[in-house]
Amino acid sequence: MSHDLQVLSLNCWGLAVISKNRKFRIEAIAKVLSSCSYDIVTLQEVWVQKDYQYILDSVKQNLPFAKYFYSGALGSGLAILSKYPIVSTTYHRYALNGKPLKIFHGDYYVGKGCGTALVKHPDLGFLEIFNTHLHAGYGPKDPYKAHRASQCWQLAHLLRQSAAMGRQIIICGDFNSMPSSFNYKLIQQHGFMTDSWLQVHGEPDINKFNTEHITAESYSQLFGFTCNSPFNTFSRYYKDQKENIQKRMGKRLDYIFYRETQQLSCIDSQVVLVEKINDMSYSDHFGVVSIFKVYPRKESLETHHLLGDPGYTHLEPKTVCEILNALELNRVKAKRDANRLLRWMCVGILIVGCLYAMVVAIPTLLPHPLVIILMTVFGFVFGSTEQGALTEFIQEIETFKTYSNIMHHDTMISIP
C-alpha cells in the first residue's frame, strides 16, 4: 500500500531591516505552514532567531521535529521542519563562499552551506533531507559563477555518498541557478537527482501561453518561475506587469530534487504561495511543493552501489570543460587580486613607517594607514585561500576526468 509525502521549499526573504514587511510576512508564512498538511518543510533566509522561533511555535502540532543550522557570524538562514523524527543532522559548509571584502554581499559572513537531516520515515526507512542556499550572482556579470560551481560539486559528492548508503534523498533550496546552468547539470547528471517539477510538467509549452487570460497561478505553473516573476509584488518586473508578462520574465531558481527509486516517485509538483496577502507577496520568491508517492521497503537490486565509483556519471564532456574553465578563470582573477592587495600592503607599510618617523608632527594620521594595512592583509590572505580552494577543486575535477577516460564501464561516459 502506498502513501503520499508532501514537501515544501520556500525562501522566506527574512533579512533583518532590509527585507520589507518582514515580521508581517513571516507571521503569514507561519500561518500557512500551520494550516497545511506538509510532511517536510525546508526554509531558506530565516535570518532572525525570533522569526524562526515564531514559526516553530506555530507549527509544533503538525511539524514537531525541527532543526535550524547555525553557521558563520549571522547564521545559515536554513531550517528543516519535519512531521517525522529527525535522528541526526549535519551542516556542510562550502569551501568557496564569497569574498570577505564584499561586505554588502554578505554570503561570506553567513557561512553558506548545506544542512542535512536524517529522518526516520515509517515506510521509507532513512530519508535524508538536504537544504541549501547557493551563492547569489549579484548582477549580470555574475562574478561568483565559479563559487556556485564548486558548491554544486561538493553537493553532488554529498548526494552520491548518501545514495551509496542506500538512503532515500530529497534536496531542496534556492540554487540561484537556471536549469540551463552547469550547476543544475552537476546536481542532476553527477548527483543523479531528478528535478521533480520538470518531471511532472516537462519543458514549458509556449503554445499554451495566452497573455489575455493569464493569471499568477497559470503563469507560475506553466514556466515554474519562483523568482523575479511579474506577479510577485517585490519583483522589479511587477511595475510594468503586462509588458513583462509578454516578455516571459522570471526565473526558476528554487527546486526540489530527489533520488527516484522503487520506493519514491514524484506524482505532482506546483509553484505555491503565488497569491497576495494585504496586497503583497509572501516573499520575494514563490515556494515549490512536490508530492511523492511512497511505497513500502522491499528487497531490490538497485544501482546505488554504482555511485560509490567516482567515475560513474551522466555529465557530458562539454559540461566538465565549462566547469573547469570557470574555475580556472576565477583562480586567475583571485591570484591577480591577491597580488594587487600585496602591493597595496607593501605601500601601506612604507606609509606607516614614514608616519611613525613624523609621529610628533602628524599623530592623528596614524590610525588610517593601519586600517588600510589590516584590510589589505585580510584581502591578501583570503585571496591566497581562494586560490588554494579553486586549485583543489580543479585538481579534483581533472582527476575525475582522467579516471572517467580510462574506465570502460557500460554506464560511464568517456570525456576527451
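Presented here is an overview of the structure given in this document.

What counts and how
Residues numbered from 1 in each chain as written. Predicted model: local features only at pLDDT ≥ 70, side-chain atom pairs only at ≥ 80, totals over all residues. Heavy atoms only, no water. Helix = DSSP H or I, 4+ residues; strand = E, 2+ residues; numbered from the N terminus. Buried < 20%, exposed > 50% of the residue type's maximum accessible area, 1.4 Å probe, protein only. Contact = heavy atoms within 4.5 Å. Areas by Shrake-Rupley, 256 points an atom, 1.4 Å probe, with all protein chains shown as cover. Pairing = 2+ DSSP bridges. Axes fitted to C-alpha atoms, helices over the stretch in contact; angles between N-to-C directions. Expected span 1.5 Å × (residues − 1). Core = buried A, V, L, I, M, F, W, Y, C linked by side-chain atoms within 4.5 Å. Parallel < 35°, antiparallel > 145°, perpendicular 65-115°, else oblique. Nonpolar A, V, L, I, M, F, W, Y, C, P; charged D, E, K, R; others polar.

1. Overview of the overall build of the protein
Along the backbone of the protein there are ten helices and 14 strands. The proportion of buried residues among the 416 residues of the protein is 52%. Sequence-distant contacts, at least 24 apart, represent 72% of the contacts inside the protein between residues at least 6 apart. Here the protein displays about 19,500 Å² of accessible surface, and carbon together with sulfur accounts for 58% of that area.

2. Re helix α7 (residues 216-223)
Summarising burial for α7: six of the eight residues are buried, a large majority. Among the residues of α7, A216, Y219, S220, Q221, L222 and F223 are the ones counted as buried. In this structure, the buried residues of α7 make contact with α6 (196-201), α8 (241-246) and β11 (264-272). Positive backbone phi, at 75 degrees, marks G224, one or two positions downstream of α7.

3. Some points on the sheet that holds strand β1 (residues 3-14)
Pairing is mixed across the open sheet formed by six strands, whose spatial order is β3-β4-β2-β1-β14-β11. In the strand order of this sheet, the two ends are held by β3 (65-68) and β11, each with one partner. If you compare each strand with its neighbour and ignore which way they point, the axes differ by 15 degrees on average. As defined by bridge partners, β3 adjoins strand β4 (residues 79-82) across four bridges and the pair is classed as antiparallel. Its bridge partner lying in β4, Y68 is registered against A79. Strands in contact with helix α1 (residues 22-35) are β1, β2 (40-46) and β4; relative to β1, the strand with the most contacts, it is inclined by about 175 degrees. Packing against the sheet, helix α2 (residues 49-59) makes contact with β1, β2, β3 and β4, and its axis sits at approximately 170 degrees to β3.

4. Focus on helix α4 (residues 145-164)
For α4, which comprises 20 residues, the first-to-last C-alpha distance of 29 Å matches the rise-based estimate of 28 Å (1.5 Å per residue) to within 8%. In terms of burial, α4 is largely enclosed, as 15 of its 20 residues are buried. G166 sits one or two residues past α4 and shows a positive phi near 85 degrees.

5. Digging into the environment of A73
Positionally, A73 belongs in the loop between β3 and β4. Separated by 36 residues in sequence, A73 and Y109 place their C-alpha atoms 5.6 Å apart.

6. Points about the nonpolar core
Of all hydrophobic cores here, the largest spans 35 residues; its most connected members are L155, I171, F175, I187, F257 and L327. Of all elements in the fold, only α4, β8 (168-174), α5 (182-190), β10 (254-258), α9 (317-357) and α10 (367-406) reach the threshold of two or more residues within this core. With eight residues, the single largest contributor to this core is α4. When neighbours within four sequence positions are excluded, F257 is seen to be in contact with I169, I170, I171, F175, Y184, I187, M193, T194 and D195. Core analysis: the next-biggest nonpolar cluster, separate from the first, contains 25 residues, L10, A28, Y52 and I55 among them.

7. Topic: the sheet that holds strand β5 (residues 86-93)
Spatial strand order, β5-β6-β7-β8-β10-β9: six strands in an open sheet with mixed pairing. Strands with a single pairing partner mark the edges of an open sheet, and in this sheet they are β5 and β9 (194-195). Sheet analysis places β5 next to strand β6 (residues 113-121), joined by seven bridges and oriented antiparallel. When the sheet's bridge partners are listed, S88 is paired in β6 with L118.

8. Let's talk about the environment of Q188
Within the secondary structure layout, Q188 lies in helix α5. With near-sequence residues (within four places) excluded, Q188 lies in contact with M193, D195 and L198.

9. What about the packing of α4 against α5?
At a minimum axis separation of 9 Å, α4 and α5 run at an interaxial angle of 10 degrees. Comparing their axes, α5 and α4 come out roughly parallel. Here K145, R148, A149, C152, W153, L155, A156, L159 and R160 of α4 lie close against α5, whose contacting residues are F182, N183, L186, I187 and H190. Classifying every residue of the contact of α4 with α5 gives nine nonpolar, two polar and three charged.

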